[in-house]
2 protein chains.
Amino acid sequence: MSPDSLMPKNCNIPCIKARCSSCSLRELCLPVGLDEQEVRALDHLVNQRHKIRRGEHLHRAGLSFHSLHVVRSGFFKTYVLQEDGREQVTGFHMPGEVLGLDAISADTHTCNAVALEDSEVCEIPFAKLEGIGRTIPSLMHHFHKIMSREIVRDRGMLMLGGMKAGERLVAFLLNLSHRFAKRGYSPLDFNLRMTREEIGSYLGLKLETISRALSRLQEDGLINVDNKRIRLNDIDHLRRQYGSSSYE
Amino acid sequence: MSPDSLMPKNCNIPCIKARCSSCSLRELCLPVGLDEQEVRALDHLVNQRHKIRRGEHLHRAGLSFHSLHVVRSGFFKTYVLQEDGREQVTGFHMPGEVLGLDAISADTHTCNAVALEDSEVCEIPFAKLEGIGRTIPSLMHHFHKIMSREIVRDRGMLMLGGMKAGERLVAFLLNLSHRFAKRGYSPLDFNLRMTREEIGSYLGLKLETISRALSRLQEDGLINVDNKRIRLNDIDHLRRQYGSSSYE
DNA sequence: GCTCTAGTTTGATTTAAATCAAAACAAGAT
DNA sequence: ATCTTGTTTTGATTTAAATCAAACTAGAGC
């Protein structure tokens, strides 16, 4: 599914929280013990924290790339502008997820990232990450898993190819649900931060189609829709009926 | 667009070809000088070469992951089976491209890879790659670019979301053309190794739609179709008319 | 409170692609 | 060569989604 946090699922060291001077050490803590020196190295890795207000951009396509960003709080969307001016949404990103992985390829950002609500990010200078990764192999390995997960996530979107509108939308909702759950929020009751049009762009559908599909799911009693608030009434039914969908 | 070879575009060292005992050192050669010891390290990295006959699998979804594979010759498709039995094609892979990047995420292959013609691959044990990467930073960095390029590639496919059948198909053909060109083959005249059905699965369309779209392009004089052989008659027109398309 | 705007819902109609169906074709096996 | 079998093309029809259009809603600012 998603790059998620830099924190491995089984982060089993008594995480160095106490000494965390920098903002996202929690995400970076590794499933292995770190010695004093390594902790200091990590401390230097993630040293800048930025506030991005709703509507502001974290980066824009074409700008040169230096740092990855971990979402600390808030919500982002990434998108590209096609030559005809249409905006194509390429992803939505919530706390713990990493932005900028696409830019490593050519040292240039390939998409725009904008905050959908007031947000905070941590900056991770990529050169530093590669440097420190050399001395902390498990950190490097963990980073590779994050990149790979991003590939799996995008691949999952491709698999919506054969599905119809309602199925795609359910897949999308289940995906959000899953990601919220992993962050400790309710998987059954959440707020969409994006518009119908943005969802449509992401799923390759028009906004009216999204609206109709939501209404249909509500008629069927599977979900409740109150503007941007979504309640999943029968998540098992959703999962069964719409199969693979949850694409993790 | 695609993970392409492990060889950076500007592979400017008088590549160690002479000493290449292993099969894909050429791909691994780096844009920096390597000392004697480093060359020996690389030599150990890529030491196995496998022949995969048409129809045989390189790996299957669910199997545990140990090695990446670089396509040496031939042509592969990757796909997943959905619970309803439908096959969803996730990619086509030509010489120089890397297979298995998705599997790093969970140490498990997430897709099946099958040879569409008799092929050869080089095996790169991933643990070894990470180990050697630690001592050759530029190798590690190059690997990160390859992973990132894979993300960009998949992202590019997502962007076909808003396009119609003909446009998607042209984007697909231009993409193949581009990749063939980079490998020294004609970008204007090539053979599709996959069926219309596989193209359709990849693009989220039915095989009849692919067939009709090809016929349409031929009627318009833009391409020539002779079964699997494709000739692009007016690649500039194709690029202009179908825009972004070439999604590199 | 009201107004204005951006976003959403719903309906009527059109259009692109899926589906159903059959014929034509190519390649491999015998 | 002929018989398969799998693939491709083309046509007729249906269907899902896009498009066009209008009404409705929520929220921001006055």
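Residues numbered from 1 in each chain as written. Chains lettered and ligands numbered in written order. Predicted model: local features only at pLDDT ≥ 70, side-chain atom pairs only at ≥ 80, totals over all residues. Heavy atoms only, no water.

A. Local environment of the overall build of chain A. Helix and strand content of chain A: eight helices and nine strands. Looking at chain A residue by residue over its 248 residues, the buried ones come to 57%. Considering only contacts within chain A whose residues lie at least 6 apart along the sequence, 70% involve residues at least 24 apart. Surface summary for chain A: the accessible area is close to 10,400 Å², and the carbon and sulfur share equals 47%. (Helix = DSSP H or I, 4+ residues; strand = E, 2+ residues; numbered from the N terminus. Buried < 20%, exposed > 50% of the residue type's maximum accessible area, 1.4 Å probe, protein only. Contact = heavy atoms within 4.5 Å. Areas by Shrake-Rupley, 256 points an atom, 1.4 Å probe, with all protein chains shown as cover.)

B. Quick peek at the interface of chain A and chain B. Listed per partner, the contact involves 38 residues of chain A and 38 residues of chain B. Carbon and sulfur atoms make up 59% of the area that chain A and chain B hide from each other, which totals about 3,700 Å². Contact with chain B buries surface across chain A, with His144, Arg155 and Leu158 of chain A losing the most and accounting together for 18% of the total. Applying the counting criterion to the chain A and chain B interface returns six salt bridges. Arg155 of chain B serves as the salt-bridge partner of Glu150 of chain A, at 2.9 Å between the closest nitrogen and oxygen. The tally of links from chain A across to chain B stands at 19 residue pairs in polar contact (both at pLDDT 80 or more). Of all elements in the fold, only strand 4 (87–93), helix 3 (126–135) and helix 4 (137–158) of chain A reach the threshold of two or more residues within the side of chain A that touches chain B. It is helix 4 of chain A that contributes the most residues to the side of chain A that touches chain B, 16 residues altogether. Class assignment for the residues of the side of chain A that touches chain B results in 14 nonpolar, 13 polar and eleven charged. (Buried area = accessible area lost by both parts, 1.4 Å probe. Salt bridge = Lys/Arg side-chain N within 4 Å of Asp/Glu carboxyl O. Polar contact = N/O pair within 3.5 Å; in protein donor to acceptor, adjacent residues only side chain to side chain. Nonpolar A, V, L, I, M, F, W, Y, C, P; charged D, E, K, R; others polar.)

C. A look at the pattern of salt bridges. In total, this model carries 32 salt bridges over all chains according to the counting rule given. Here Lys145 of chain B ties to Asp107 of chain A by a salt bridge, and the two come within 3.1 Å at their closest N and O atoms. With one member in each of two chains, Lys145 of chain B in helix 4 (residues 137–158) and Asp107 of chain A in the loop between strand 5 (98–99) and strand 6 (112–125) form a pair that bridges those chains. Since its relative accessible area comes to 18%, Lys145 of chain B is described here as buried. Its relative accessible area of 34% is what places Asp107 of chain A among the partly exposed residues. Glu150 of chain A is paired through a salt bridge with Arg153 of chain A; the nearest N and O atoms lie 3.9 Å apart. Here the residue Glu150 of chain A and the residue Arg153 of chain A both occupy positions in helix 4, the gap between them amounting to three residues, near one helical turn. Accessibility expressed as a relative area gives 2% for Arg153 of chain A, which makes it buried. Overlapping salt bridges bring together Glu150, Arg153 and Asp154 of chain A together with Arg155 of chain B as one network.

D. Main features of the sheet that holds strand 8 (residues 223–226) of chain B. Residue and element names in this part refer to chain B. Strand order in the open sheet formed by three strands is 7-9-8, with antiparallel pairing between adjacent strands. In this open sheet, the two edge strands, each paired with only one partner strand, are strand 7 (189–191) and strand 8. Along the sheet, successive strands turn relative to each other by an average axial angle of 15 degrees, direction set aside. Sheet topology places strand 8 next to strand 9 (residues 229–232); four bridges connect them, and they run antiparallel. The residue of strand 9 that forms the bridge with Ile223 is Leu232. (Pairing = 2+ DSSP bridges. Axes fitted to C-alpha atoms, helices over the stretch in contact; angles between N-to-C directions.)

E. Structural context of the side chain of His69 of chain B. Residues and elements named next belong to chain B. By the element assignment, His69 lies in strand 3 (residues 67–81). Accessibility expressed as a relative area gives 10% for His69, which makes it buried. Every residue in contact with His69, bar those within four places of it in the chain, is listed here: His50, Leu58, Glu97, Val98, Leu99, Val121, Cys122 and Glu123.

F. Here's a closer look at the sheet that holds strand 8 (residues 223–226) of chain A. Residues and elements named next belong to chain A. Taken in spatial order, the three strands line up as 7-9-8 in an open sheet, and their pairing is antiparallel. Edge strands, defined here as strands with exactly one partner in the open sheet, are strand 7 (189–191) and strand 8. Strand-to-strand twist of the sheet, defined as the mean angle between neighbouring strand axes without regard to direction, takes the value 15 degrees. Sheet strands in contact with helix 5 (residues 165–182) are strand 7, strand 8 and strand 9 (229–232), and its direction is about 100 degrees off that of strand 7. Its contacts with the sheet place helix 7 (residues 207–219) against strand 8 and strand 9, and it is angled at close to 130 degrees to strand 8.

G. Broad picture of the relation of the copies chain A and chain B. Between chain A and chain B, which share one sequence, the superposing operator has a rotation angle of 180 degrees and an axial displacement of 0.0 Å; the RMSD is 0.0 Å. Those values place the two copies in the arrangement expected of a two-fold rotation axis. With an isologous cut-off of 70% or more, the 100% of interface residues of chain A that recur at the interface of chain B puts this contact in the isologous class. (Least-squares fit on C-alpha atoms with pLDDT ≥ 70 in both.)

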